[in-house]
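Here is how the chains run, residue by residue.
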Amino acid sequence: MTSTFLPDKRTGPGAGSPPPAAGPRPSGRARRRALHWLTAAGFQLPALVLFMGLVLLPMLFALYAAFFRWGGFGMPSDYIGGENFSRLLQDDVFLGDLWRCLLLVVLSLAIQLPFALAMAVLLNQRMRGRAVYRMLFFAPYVLSEAITGILFGMIFAPDDGFADQVLGKVGLEGLGGEWFADPSTVMATVFLVMTWKYFGFHMMLYLAGLQAVPRELTEAALIDGASAWQRFRNVTLPLLAPTLRISVFLAVIGSIQLFDLVWVTTAGGPDHRSETMAVTMFQYGFKRYQVGYASAISVVMFGISLVFALAYQRFVLRRDLEGATTTMRGDGK
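Calculation notes
Every chain begins its residue count from 1, and numbering advances along the sequence as written. Only residues with pLDDT of at least 70 get local features here, since the model is predicted, and only at 80 or more are side-chain atom pairs given and counted; chain-wide, interface and lining totals rely on the full set of residues. With hydrogens and water stripped out, all remaining heavy atoms of the structure feed into the side-chain values. Secondary structure elements follow DSSP: runs of H or I no shorter than four residues count as helices, runs of E no shorter than two count as strands, and numbering proceeds from the N terminus. Exposure classes here rest on a 1.4 Å probe applied to the protein chains alone. A residue is buried below 20% of its type maximum, exposed above 50%, and partly exposed in between. Residue contacts are defined here by distance: any two heavy atoms, one from each residue, within 4.5 Å place the two residues in contact. Per-residue and other accessible areas follow the Shrake-Rupley method at a 1.4 Å probe size, with only the shown protein chains counted as cover for residues. Side-chain rings of Phe, Tyr and Trp, where Trp is taken by its six-membered ring, are said to pair if the distance between their centres is within 6.5 Å; with planes under 30 degrees apart they count as stacked, over 60 as edge-to-face, and otherwise as tilted. Two limits define a charge over a ring: the Lys NZ or Arg CZ must be within 6 Å of the ring centre, and within 35 degrees of the ring normal. By definition, a salt bridge exists where a carboxyl oxygen of Asp or Glu is found within 4 Å of a side-chain nitrogen of Lys or Arg.

S.K.: How do you make sense of the overall build of the protein chain when you look at a structure like this?
M.R.: Of regular secondary structure, the protein chain possesses 13 helices and zero strands. Along the protein chain, from the amino end to the carboxyl end, the secondary structure elements read α-α-α-α-α-α-α-α-α-α-α-α-α. Buried positions account for 31% of the 333 residues belonging to the protein chain. Within the protein chain, contacts between residues at least 6 apart in sequence are counted, and of these 64% link residues at least 24 apart. Total accessible area on the protein chain is roughly 21,700 Å²; 66% of this is exposed by carbon and sulfur atoms.

Written out as structure tokens, the structure reads:
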């Protein structure tokens, strides 16, 4: 008798032997996420290496050198603790640098930025040739600080400079003077050059912000009978506030770190009356070979900038940052 094998067709928990268990496999989503992070790290790694080599490590070394009496040759070895920092508090030139820095900040906020805002509002109106005016007012910012300094060094040259010649032609020769060479006028002249150089940058920032102001709001205010000043104060200015806050931040940081214009025009003279912290740092570090003391100045300058940046972000830019965070989270839903 022939027997035929029939497969077991029973179903249920005991039917047949279970297939071999497969090991855990990463899902496609996890693989894509890992690939995304590896790609991002690959693109960011060169920038991180450059940042560490050209920014972070020099900053740490400057902090280290600030505790030594060091001339810049070899490695620092004459440890003096905080003597360089205590010397700063007794240095009349450095204390004057702090005062001049504060003066430039106040003048920038009180004169330069309002002037840039007024020009931006004017050039935001419909007028013939406004693109040309925008280009002309922004052009000084494109010039390098060295070229600007040399140019105004010739313009404000005593007696035979272009400024004195123009004042003499119109009968105002009494207003002329030594400009950069006079201790009583040097800071005003430096600020004039600084305003000419940088106001176009802030003007373009304000113009970009004005482009984002909905025209419907100003037209509605006009229909309601609001004057030009009321429309600017109650509609344009509040919507322009984030741009204004960024502009103020950049102006203050630029005033703290000002170097190029002062060095090319006056080199800090006469009698240190136009020196800034950056110029004093350069004088001690590369002219007098007191690199340890210059490093202490750089650390203090960095600390002032950092404290201001953190405080400004915490108390002034807080609303803007919270709005950006909320928007990003909303988009990720």
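Back to the write-up after that little detour.
S.K.: I would appreciate a short explanation of the packing of aromatic side chains in the present structure.
M.R.: When we look at a pair of aromatic rings, we describe it by the centre distance and by the angle of the planes. Applying the stated criterion across every chain yields a total of 24 aromatic pairs. When the centroid spacing of 5.0 Å and the interplanar angle of 45 degrees are considered together, the rings of Phe-115 and Phe-199 count as tilted. Of the two residues, Phe-115 sits in helix H3 (residues 92-123) while Phe-199 sits in helix H7 (residues 186-211), which places them 84 residues apart along the sequence. Judged by relative accessible area, which is 39%, Phe-115 ranks as partly exposed. Through a chain of ring-to-ring contacts, three or more aromatic side chains come together here, namely Phe-61, Tyr-64, Phe-68, Trp-70 and Tyr-79. The ring of Tyr-293 carries the charged tip of Arg-87 above its face, separated from the ring centre by 3.8 Å.

S.K.: Is there a simple way to explain unusual backbone geometry in this structure?
M.R.: In most cases, non-glycine residues show a negative phi, while peptide bonds are predominantly trans. Residue Pro-270 follows Gly-269 across a cis peptide bond; omega there is -5 degrees. One can find Pro-270 in the loop between helix H10 (260-265) and helix H11 (277-287). Although it is not a glycine, Trp-179 sits at a positive phi angle of roughly 50 degrees. Positive phi, close to 55 degrees, is recorded for Tyr-289, a residue that is not glycine. Tracing the backbone shows Tyr-289 in the loop between H11 and helix H12 (291-315).

S.K.: What am I meant to see in H11 here?
M.R.: For H11, the set of buried residues is Met-277, Ala-278, Val-279, Thr-280, Gln-283, Tyr-284 and Gly-285. Lining the buried residues of H11 we find helix H2 (83-88), H3, helix H9 (228-256), H10 and H12. Looking at the residues trailing H11, positive phi occurs at Tyr-289, about 55 degrees.

S.K.: Just to check I follow, could you spell out the pattern of salt bridges for this structure?
M.R.: Evaluated as defined, the whole model comprises four salt bridges. Taking the shortest distance from any N to any O, the salt bridge between Arg-100 and Asp-97 comes out at 2.8 Å. One end of the pair, Arg-100, and the other, Asp-97, are both in helix H3, three residues apart, so they sit about a helical turn from each other. With respect to burial, Arg-100 and Asp-97 carry one shared label: buried. A salt bridge links Glu-145 to Lys-197; the nearest nitrogen and oxygen atoms lie 3.9 Å apart. One end of the pair, Glu-145, is in helix H5 (residues 145-155); the other, Lys-197, is in helix H7, and 52 residues separate them in sequence. Taken together, the shared-partner salt bridges in this structure form one network comprising Arg-69, Asp-78 and Glu-83.

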